[in-house]
Amino acid sequence: NDKQGQQVSYTMQFDLDRNQTYYWRMAAIDASTGALGKWSQSRRIRAGNVLQFNLKEPISTDGVAARRILFAMDYVLPRDGSNKATIKVEFTNNAFDVNPTWEDATEAFLNMDYHNFINQDKTAEQYGIDVRVTIHANDSMELIAIDAIGLTFD
């Protein structure tokens with residue numbers, strides 16, 4: 001009861017290996033009797049400093065290069081740590097190329113504005129849109145979450 005309604009922290013007794021998946025569950029222990037409470041459901045955590053993802057499949061725009069794109073995302077970045085978490089948002093309009101041209105659109109994303117593509121070239125048969133989001137946790141230890149994304153282009 002001395003911790004009821006408060007956050008509880010735990011210091012790992014050993015370092016986690018980067019890029020490995022671990023499973024975590026907890027149970028309360030009564031400090032006076034030693035009785036063990038019910039175990040929580042398992043939670044999956046992945047050790048590492050970088051979260052990066054792309055669309056599952058690029059969006060084809062056939063033989064026409066997209067001119068601009070607007071991207072929105074419902075996300076949470078932590079505010080703790082002396083070296084804050086960072087986010088980078090990149091787009092490509094030639095996603096089917098062997099080496100797509102990625103354009104940094106972080107500023108446009110943060111300003112909730114369109115990114116105007118510079119690239120007009122492709123080597124693949126068709127043009128395609130893809131999005132790449134990279135989050136560096138840095139010193140942050142709080143929640144990083146991405147709940148939803150949306151985009152439009154022309």
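Above this text is the structure in question.
This section reports on the structure supplied with the text. (Residues numbered from 1 in each chain as written. Predicted model: local features only at pLDDT ≥ 70, side-chain atom pairs only at ≥ 80, totals over all residues. Heavy atoms only, no water.)

### Quick look at the overall build of the protein chain
Okay, so step 1: Scanning the protein chain from N- to C-terminus turns up one helix and 10 strands.
Okay, so step 2: Buried residues in the protein chain amount to 27% of all 154 residues.
Okay, so step 3: Within the protein chain, residue pairs in contact and separated by at least 24 positions form 72% of the contacts whose partners lie at least 6 positions apart.
Okay, so step 4: Approximately 11,300 Å² of the protein chain is accessible, and the part contributed by carbon and sulfur atoms is 48%. (Helix = DSSP H or I, 4+ residues; strand = E, 2+ residues; numbered from the N terminus. Buried < 20%, exposed > 50% of the residue type's maximum accessible area, 1.4 Å probe, protein only. Contact = heavy atoms within 4.5 Å. Areas by Shrake-Rupley, 256 points an atom, 1.4 Å probe, with all protein chains shown as cover.)

### A word on the packing of aromatic side chains
Okay, so step 1: Summed over all chains, the structure comprises three aromatic pairs.
Okay, so step 2: With a centroid separation of 5.7 Å and an interplanar angle of 40°, the aromatic rings of Y75 and F109 are classed as tilted. Here Y75 is found in strand β5 (residues 68-76), whereas its partner F109 is found in helix α1 (residues 106-110), with 34 residues between them in sequence.
Okay, so step 3: According to the relative accessible area criterion, Y75 is partly exposed, its value standing at 26%. (Phe/Tyr/Trp six-rings, centres within 6.5 Å; stacked < 30°, edge-to-face > 60°.)

### Let's talk about a nonpolar patch on the surface
Okay, so step 1: On the surface, a nonpolar cluster with roughly 460 Å² of combined accessible area is contributed by M12, F14, L16, W24 and M26.
Okay, so step 2: Positionally, M26 belongs in the loop between β1 (21-24) and β2 (43-46).
Okay, so step 3: Overall, M26 belongs to the partly exposed group, its relative accessible area being 48%. (Patch = residues over 30% accessible without salt bridge, like charges linked within 9 Å, V, L, I, M, F, W, Y side chains within 5 Å. Salt bridge = Lys/Arg side-chain N within 4 Å of Asp/Glu carboxyl O.)

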